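# A look at the structure
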Amino acid sequence: MKAKSKWRWGVNRWIVLLFIILGVFGAQYFPPIQPHIQVAPENISAQPLFTLPVIGSFYMTNTMVAIIISYILVLILGFSIKQALSKGDLIPKGITGAIEMVVEALYNMTESTAGKWAGTIFPYFMTIFLVVLTANWLELLPGVDSIGKIEESVHGTPLLVLIPGVLAAVVKGTGEAVQESGYLIVPYVRAASTDLNFTVALALISVVMTQVIGIKAQGFGYFSKFFNTRTLFTAPFFGAMDLMVSLLELISEFSKILSFAFRLFGNVFAGMVLLFLVGTMVPVFAQSFVVLFEVFIGLIQAIVFGMLTMIFMAQATKGHGEHEEEHTA
Amino acid sequence: MTGDIVEAAKFIGAGLSMIGALGGGIGIGLSVHGALGGMARNPDTYGNLLTNMILGIAFSEAIAIYCLVIAFLMLFVL
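Since this is a predicted model, take the numbers as computed values, not measurements. (Residues numbered from 1 in each chain as written. Chains lettered and ligands numbered in written order. Predicted model: local features only at pLDDT ≥ 70, side-chain atom pairs only at ≥ 80, totals over all residues.)

## Observations concerning the overall build of chain B
Rule in force here: Counting from the N terminus, the helices are the DSSP runs of H or I reaching at least four residues and the strands are the DSSP runs of E reaching at least two. Note on method: radius of gyration uses C-alpha positions; expected globular size equals 2.2 Å times residues raised to 0.38. The burial criterion counts other C-beta atoms lying within 10 Å of a residue's C-beta, which is placed from the backbone; the residue is buried at 20 or more, exposed at 12 or fewer, and partly exposed between these limits. By definition, residues are in contact whenever their C-beta atoms, placed on the basis of the backbone, come within 7 Å of each other.
A tally of helices and strands in chain B yields 3 helices and 0 strands. The C-alpha atoms of chain B give 18 Å as radius of gyration, which overshoots the globular expectation for 78 residues (12 Å, by more than 25%). Counting only C-alpha atoms and orienting by the principal axes, one finds that chain B spans roughly 65 × 15 × 10 Å. Here chain B, with 78 residues, has 13% of them falling under the buried criterion. Considering only intrachain contacts with a sequence separation of at least 6, the fraction spanning at least 24 residues in chain B is 78%.

Laid out in structure tokens, this is it:
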């Protein structure tokens, strides 16, 4: 262990102090402006990519770029782990060790909930977890949401041209009367989970695959969860009540789609708005605390999305009257 | 309705809809209360309780986030 270079305590704090001082000077000469926030993702391609007859034209949106980047990251992770595993080490090192720890913890959780269906359910859990995690954490890199193309708009502020034709910055207006045209920045990359298309699609996949796994486990008797006519003729009053309860279960399946989608969307969109506003109001160092909070929230939301999917799938495999024996710990 | 009244109504509506986050705050407080009580009585189950507490917090927070989504709908979309 003597070959490690000596790590001195004092280095990192001076680097942080340097960045804070640079931030103070930067905020003095380039005061931050509040970016234009909207729920719908913005188009960054001038022409539509393709046009379908009924639905309309599809542009390349900035959240699509983020989704592509996060998928590429997850694929690179997968390939690098496959590479490391094919070498045949018994104890993997580096990123493979970290992923093995995470996979083992989540697989134990899946097994204790789902029992013998863990092999079918676990891929959905892990994939949703990894995709949502990279999509949430991508928002925190510098350059995302701040580098983009300049567009003219009435809401905008004046332009400061640094390199003509190539680089420009949008600066604070002087607060005089309404200018004819200001400029705003449309970011090239925006966090993928702030796009309702992404979250609703993931929620639909979750809920539909839950039904599919339920049918695989129980056959078409699975639908007796929603139309419970088993006790309707033997004990009429209780049978009717059971029927009402099962119809409510059907409605709650649809509300699960909305709940999944809006939980993820609300958390990440609120985080993005908070980052913008805190970065505008206190330009120096305060946004770092919000970034730290966002790291935590992104992780928790990914875990919750995956874990809820896993729990609903495990519940779908269990029949109405059977109670299987619990795992002894 | 002139533009100013609509603008003012948007802000008032967004503020009113955030009153619902009160329920989320109380819910999170109750679940952490239960988890801390359990951890104090039985420190061996710390990991188990922590995991379930985080899960419970995410659920109550989701309800408060639904109120936030309505507020955002009023401010940034309509």
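Let's pick the thread back up.
## Structural notes on the overall build of chain A
For chain A, the count of helices and strands is 7 helices and 6 strands. Seen in sequence order, chain A has helices and strands lined up from the N terminus as α-β-β-α-α-α-β-β-β-β-α-α-α. Of all 329 residues assigned to chain A, the portion counted as buried reaches 24%. Contacts in chain A between residues far apart in sequence, at least 24 positions, make up 69% of those at least 6 positions apart.

## Quick word on the environment of Tyr188(A)
Tracing the backbone shows Tyr188(A) in the loop between strand S6 (182-187) and helix H5 (196-218). Taking the C-alpha atoms as reference points, Tyr188(A) and Val65(A), separated by 123 residues in sequence, lie 7.6 Å from one another.

## Overview of the interface of chain A and chain B
This is how it is decided: The residue classification treats Ala, Val, Leu, Ile, Met, Phe, Trp, Tyr, Cys and Pro as nonpolar and Asp, Glu, Lys and Arg as charged. All others, Gly included, are polar.
Facing 13 residues of chain A, the contacting portion of chain B comprises 11 residues. Where the side of chain A that touches chain B is concerned, the elements lending two or more residues are helix H6 (236-281) and helix H7 (286-317) of chain A. The greatest single-element share of the side of chain A that touches chain B, amounting to 7 residues, is contributed by H6(A). Each residue belonging to the side of chain A that touches chain B can be placed in one class, and the counts come to 8 nonpolar, 4 polar and 1 charged.

## So, the nonpolar core
For the record, the criterion: Note on definitions: a nonpolar core is a set of buried residues drawn from Ala, Val, Leu, Ile, Met, Phe, Trp, Tyr and Cys, linked by C-beta atoms within 7 Å.
Counting 51 residues, the largest nonpolar core has Ile121(A), Phe129(A), Val132(A), Ala135(A), Ala191(A) and Phe305(A) as the members making the most contacts within it. At the level of elements, helix H2 (62-86), helix H4 (118-137), H5, H6 and H7 of chain A together with helix H3 (46-77) of chain B are the ones that each hand at least two residues to this core. No other element matches H7(A), which puts 11 residues into this core.

## Things to note about the packing of helix H3 (residues 95-114) of chain A against H7(A)
All names here are of chain A. To be explicit about the condition: Every angle, taken between N-to-C directions, lies between 0 and 180 degrees, and every axis is a line fitted to C-alpha atoms, over only the stretch in contact when it is a helix. Angles are sorted into four bins: roughly parallel if under 35 degrees, roughly antiparallel if over 145, roughly perpendicular if 65 to 115, and oblique for all others. Whether a crossing is left-handed or right-handed is set by the direction in which the near helix is turned from the far one by less than a right angle, anticlockwise for left-handed and clockwise for right-handed.
Across the interface, H3 lies against H7 with an axial gap of 9 Å and an inter-helix angle of 30 degrees. Relative to H7, the element H3 is oriented roughly parallel. Handedness of the crossing formed by H3 with H7: right-handed. Residue-level contacts link Thr-110, Thr-113 and Ala-114 of H3 to Met-310, Ile-311, Ala-314 and Thr-317 of H7. Looking at the contact of H3 with H7 residue by residue, the classes come out as 4 nonpolar, 3 polar and no charged.

## Looking at the packing of H5(A) against H6(A)
Residues and elements named next belong to chain A. Relative to each other, H5 and H6 sit at 140 degrees, their axes nearing to 8 Å. The angle between H5 and H6 falls in the class oblique. Viewed along their axes, H5 and H6 form a crossing whose handedness is right-handed. In this structure, H5 uses Leu-196, Thr-199, Val-200, Ala-203, Leu-204, Ser-206 and Val-207 to contact H6, whose residues at the interface are Glu-253, Lys-256, Ile-257, Phe-260, Ala-261, Leu-264 and Phe-265. Of the residues in the contact of H5 with H6, the class split is 10 nonpolar, 2 polar and 2 charged.

## Concerning the confidence of the model for chain B
Residues and elements named next belong to chain B. This is how the line gets drawn: Confidence scores per residue from the predictor, reported as pLDDT, run from 0 to 100.
Residues at a pLDDT of 70 or more form 99% of chain B, whose mean pLDDT is 89. Between the elements of chain B, mean pLDDT differs from a low of 86, seen in H3, to a high of 95, seen in helix H2 (residues 21-41). Here the predicted complex scores 0.85 on pTM and 0.79 on ipTM.

## A word on the environment of Asn267(A)
Among the structural elements, Asn267(A) can be located in helix H6. Between the C-alpha atom of Asn267(A) and that of Ala118(A), which follows or precedes it by 149 residues, the distance is 29 Å. If we ignore the near neighbours within four places in the chain, the residues touching Asn267(A) are Ile297(A), Gln301(A) and Ile65(B).

## A word on unusual backbone geometry
Residue and element names in this part refer to chain A. At Asp-145, a residue that is not glycine, the phi angle is positive and equals roughly 70 degrees. The exposure class assigned to Asp-145 is buried, which follows from the 23 C-beta atoms found within 10 Å. A positive phi angle is found at Phe-285, which is not glycine, with a value near 70 degrees. Tracing the backbone shows Phe-285 in the loop between H6 and H7. Judged by C-beta crowding, with 12 C-beta atoms within 10 Å, Phe-285 ranks as exposed.

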